[in-house]
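The lines below spell out each chain.
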Amino acid sequence: GFHAAAAPTPSLAKVEWRSDLGAALKEARASQRPLFVTLRCLPCKQCASFDQAVLEGGAALEPLLAQFITVRLTSAKELDLRMFPVEGRQDLDLSWWGWLLAPDARIYSIFGGRDEVSDTTRISPAALANTLRRVLEHHYDPRRAAWDIDGAAPALDGKAITPLDLPGFASWKKRGATSLEKDGCLHCHQVAEILRQPAVDAKTFDKVRDLGLWPLPENVGLVLERDDGLLVKSVTLGGAAARAGVQVGDRLVVAGDRKLFGQADFRGVLQRGPLGAGVLDVRFLRGAELKHGVLELAEGWRTTVLSWRTSIAGGNIGASPGFAWPLDVKADQRKKLGIAADAMAVKPWFGKGKREGPAQKAGLREDDVIIAVDGRSPNVAQREFMTWFRLAHEPGDKVVLTVRDAHGKDREVRYVAPAPLGD
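Let me sum up the structure you'll find in this document.

What counts as what
Residues numbered from 1 in each chain as written. Predicted model: local features only at pLDDT ≥ 70, side-chain atom pairs only at ≥ 80, totals over all residues. Heavy atoms only, no water. Helix = DSSP H or I, 4+ residues; strand = E, 2+ residues; numbered from the N terminus. Rg over C-alpha atoms; globule rule 2.2 N^0.38 Å. Buried < 20%, exposed > 50% of the residue type's maximum accessible area, 1.4 Å probe, protein only. Areas by Shrake-Rupley, 256 points an atom, 1.4 Å probe, with all protein chains shown as cover. Lys, Arg positive; Asp, Glu negative; His and termini not counted. Charge placed at Lys NZ, Arg CZ, Asp CG, Glu CD. Axes fitted to C-alpha atoms, helices over the stretch in contact; angles between N-to-C directions. Contact = heavy atoms within 4.5 Å. Nonpolar A, V, L, I, M, F, W, Y, C, P; charged D, E, K, R; others polar. Pairing = 2+ DSSP bridges. Arc of directions from axis to C-beta. Polar contact = N/O pair within 3.5 Å; in protein donor to acceptor, adjacent residues only side chain to side chain.

### Focus: the overall build of the protein chain
Secondary structure assignment for the protein chain yields 14 helices and 15 strands. A globule of 423 residues ought to have a C-alpha radius of gyration of about 22 Å, and the protein chain, at 24 Å, matches this closely. Referenced to the eigenvectors of the C-alpha coordinate spread, the extents of the protein chain come out at roughly 75 × 50 × 40 Å. Classification of the 423 residues of the protein chain by burial places 51% in the buried group. As presented, the protein chain carries roughly 19,300 Å² of accessible surface, and 54% of it is formed by carbon and sulfur atoms. A distance of 2 Å separates the average location of the 58 positive side-chain charges in the protein chain from that of its 53 negative side-chain charges.

### Description of the packing of helix H2 (residues 48-56) against helix H3 (residues 58-65)
Orientation of H2 relative to H3, taken along the N-to-C sense of each, is 65°, at an axis distance of 8 Å. Residues Ala53, Val54 and Glu56 of H2 form the contact with H3, whose own contacting residues are Gly58, Leu61, Glu62 and Leu65. Its residues assigned to classes, the contact of H2 with H3 comprises four nonpolar, one polar and two charged.

### Considering unusual backbone geometry
At Ala105, a position not held by glycine, the phi torsion is positive, near 75°. Mapped onto the fold, Ala105 is located in the loop between strand S3 (96-101) and strand S4 (107-111).

### Structural notes on the sheet that holds strand S7 (residues 251-255)
Taken together, four strands build an open sheet; the order of strands is S8-S7-S9-S10 and the sheet is antiparallel. Looking at the sheet topology across the chains shown, the edges are occupied by strand S8 (258-259) and strand S10 (289-297). Two elements, S7 and strand S9 (residues 278-286), share four bridges in a ladder whose sense is antiparallel. Looking across to S9, one finds that Arg251 is bridged to Leu285.

### Digging into helix H1 (residues 21-31)
Within the sequence span of H1, burial applies to Leu21, Ala24, Leu25 and Ala28. With its buried residues spanning 105° around the axis, H1 presents them on a single face. Away from the buried face of H1 by more than 90 degrees, exposed residues Lys26 and Ala30 are located. The inward-facing, buried residues of H1 contact strand S1 (35-40) and strand S2 (69-73). The N-cap residue of H1 is Asp20: its side-chain oxygen and the backbone nitrogen of Gly22 are 3.1 Å apart. A positive backbone phi angle near 60° is found at Gln32, which sits one or two residues after H1.

Spelled out as structure tokens, the structure:
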């Protein structure tokens, strides 16, 4: 096991955040200290407060961070995918992640995550502290080399392989990569789009099979305590975890072929797990006793809320609704127009200085309220509308909007759904 004396005494009075990854790797190899690499997309507000908490450290984090070679990267465009194989390991709809690596860049753990509720329901400084502590225990355990459970070390000789080298990049860029052209910034969610672009181009992308993204522990019937990361807080009666023998108070330690250091590691195993029905091994501690179970996963087990994801609501999946953005209609306006509270009521926004789109050309106006699309009227707006529309339509589909004007008169607007543009 791990004893504090096994780790070197931190030589720095304060944590030093390095920006040169190559130099940091050499330093890690020379000192045999593990690396903690944070990836942060600076323009995005999401996770900004958590990023600040990590940078400030504080009493809980600083003594742990000081035992790592700490690195902060802020450009997804230059990410070396040999060292950071993000596909299947990092939820790219987030703007902050932490990778915990061995001195030879083997992956120990990955920390991060969010859900449809917020960017703080899955992570916290306390959860990070627990993950850092567990990684240090593992790194300095004398049995680690014999276990050989951390996967292969990446071959890092030669030129880095970045998102700009991915097969889908050229086709994705043709859509109009505004941020890349304007300020050279490639957002994390855009890397997700680039990864799926070849399947979109080949028309093999399956909106059901391929969008079971980053299942939550709840998808297999358990809730993990946020700040601990691996402690089972509740178990769904009759769910996969309950059938596997998992109980409240157990602590997950292994899933699939990976040792777990926090909730994101478990979600990563689920992400790389079966697309449909299948099984997944789990090991967990009950007190000091190690137990084994098998999660039996039914078809559709991966389903989660997608509408918060920028790569879905504003990405390269499906068709655009033919106007820039669907705005909410306030309750008093709904009442005035006689629109039920559970029905669709969307105000179209055409964007600033954008060319006229197909919906506008077909007669849609900014003071119209969309009350149905193709005869369907779910109460969705903003990201929920965009996600719903994209999942239901492909470029070239005929669209019929039922709209109500300011005088309460209804009419239909017909046009062909266009392909989504880049953001």
